[in-house]
Structures are given as structure tokens and as C-alpha cells.
Amino acid sequence: MLDKTDSQILNLLQHNAKLTIKELAEALHLTTSPVFERIKRLEKEGVISGYVALVNAEKAGRGQIVFCNVSMPIYTTENIDTFEHLVKEMPQVLECYHLAGMVDYQLKVYVKDIKEYDNFLKQLAEIQIVKVHSSTVVLHDVKYSTVIPT
């Protein structure tokens, strides 16, 4: 269970993972040793699962986001495992969610433009166990965050 100090550490790191132990300790009015030990515990427990650089997709040439909804007409464990393995290998897919409802999966796809998305759809069409249910093209971000409230 996270206490107030753990939550404060997580909040600070989610906004700037480059903060040093000293900077974190100063912000929390603590010494460096307990902050260091808490971070190591949070990492060991898997609360902190990694550190990344957030890249501007548009500046990296992947400015078009499309949500792709996929159905699996023959819903078996083998087909689920096969599809999930394949989608993990697709670099255009940054997120994939297994859903309950009208569609089985929703993919968040980052591509250069609609032409590249068309090629991506052709790649999906080669997977016989699924069919594309619908695609939704993102016009612009209203809110984008990676911060998990703690």
C-alpha cells in the first residue's frame, strides 16, 4: 500500500523522471537515504516499472493516430494467443486492449499518414483470424498524459 510520501515520489517522478535523489529529497523535505530506499522498494515491488523518454510523435514522423477496432470471429484461446503475439511485433501499435463488448481489441496505431495506415490495414488483413471492425482517425489531442494518479 502506498503512503503519502510514496505517492509524492511517484507524482514527482511521473512529471520528471530525470530528477535526482537530492532534488526529490529537497522537494519532499527529507534526506536522500529514505528517498533512495523508497524508490528502490517501489521499483522492486513493480510499482515503478521503468523509466522512458516521451517522444513527440509528430516530430518523430508518426503524427497520425488511429484507433483500430478488431473483431475475432472465431474466439478461441489459440487465436487470442496468436493475435496478441502478432500485435506485440507491430511497431505501429503502441497500445492494444482486449475488450469485452462489440469488438474484441482496440489498437492505438501511430503512423506517418493515412497512406501508411492503409498499408497497416493490408498487413492486418493478412491475419486470417481477425477482421477490422472500424477505424477512428484522431484529428487532434485534447488531453494526453502518462501520469497515473496515486
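Residues numbered from 1 in each chain as written. Predicted model: local features only at pLDDT ≥ 70, side-chain atom pairs only at ≥ 80, totals over all residues. Heavy atoms only, no water.

Participant: Please give an account of the overall build of the chain that cites residues and values.
Facilitator: Across its full length, the chain carries 5 helices and 4 strands. The N-to-C order of helical and strand elements in the chain reads α-α-α-β-α-β-β-α-β. In terms of C-alpha radius of gyration, the chain reaches 20 Å, well past the compact-globule figure of 15 Å for 150 residues. Across its three principal directions, the C-alpha atoms of the chain cover 55 × 35 × 25 Å. With 150 residues in all, the chain has 29% of them scored as buried. (Helix = DSSP H or I, 4+ residues; strand = E, 2+ residues; numbered from the N terminus. Rg over C-alpha atoms; globule rule 2.2 N^0.38 Å. Buried < 20%, exposed > 50% of the residue type's maximum accessible area, 1.4 Å probe, protein only.)

Participant: Just give me the short version of the packing of helix H2 (residues 21–28) against helix H3 (residues 32–44), but keep the residues and values in it.
Facilitator: As a packed pair, H2 and H3 sit with axes 9 Å apart at the nearest point and diverge in direction by 110°. One way to sum up the angle between H2 and H3 is to call them roughly perpendicular. On H3, the residues touching Ile21, Lys22, Leu24, Ala25 and Leu28 of H2 are Thr32, Val35, Phe36 and Ile39. Here the contact of H2 with H3 is composed, by residue class, of 7 nonpolar, 1 polar and 1 charged. (Axes fitted to C-alpha atoms, helices over the stretch in contact; angles between N-to-C directions. Parallel < 35°, antiparallel > 145°, perpendicular 65-115°, else oblique. Contact = heavy atoms within 4.5 Å. Nonpolar A, V, L, I, M, F, W, Y, C, P; charged D, E, K, R; others polar.)

Participant: Go over helix H5 (residues 114–125), please, and point to the residues and values.
Facilitator: When the terminal C-alpha atoms of H5 are compared, their 16 Å separation across 12 residues agrees well with the 16 Å that a helix rising 1.5 Å per residue should span. Every buried residue belonging to H5 is among Glu116, Tyr117, Phe120 and Leu124, and all of these are buried. For H5, the angular spread of the buried residues around the axis is 100°, confining them to a single face. Facing away from the buried side of H5 by over 90 degrees, the exposed positions are Lys115 and Ala125. Those residues of H5 hidden inside the fold are in contact with strand S1 (64–71), helix H4 (77–88), strand S2 (93–98), strand S3 (105–111) and strand S4 (131–137). For H5, the side-chain oxygen to backbone nitrogen distance between the N-cap and Lys115 is 3.3 Å, and the N-cap itself is Asp113. (Expected span 1.5 Å × (residues − 1). Arc of directions from axis to C-beta. Polar contact = N/O pair within 3.5 Å; in protein donor to acceptor, adjacent residues only side chain to side chain.)

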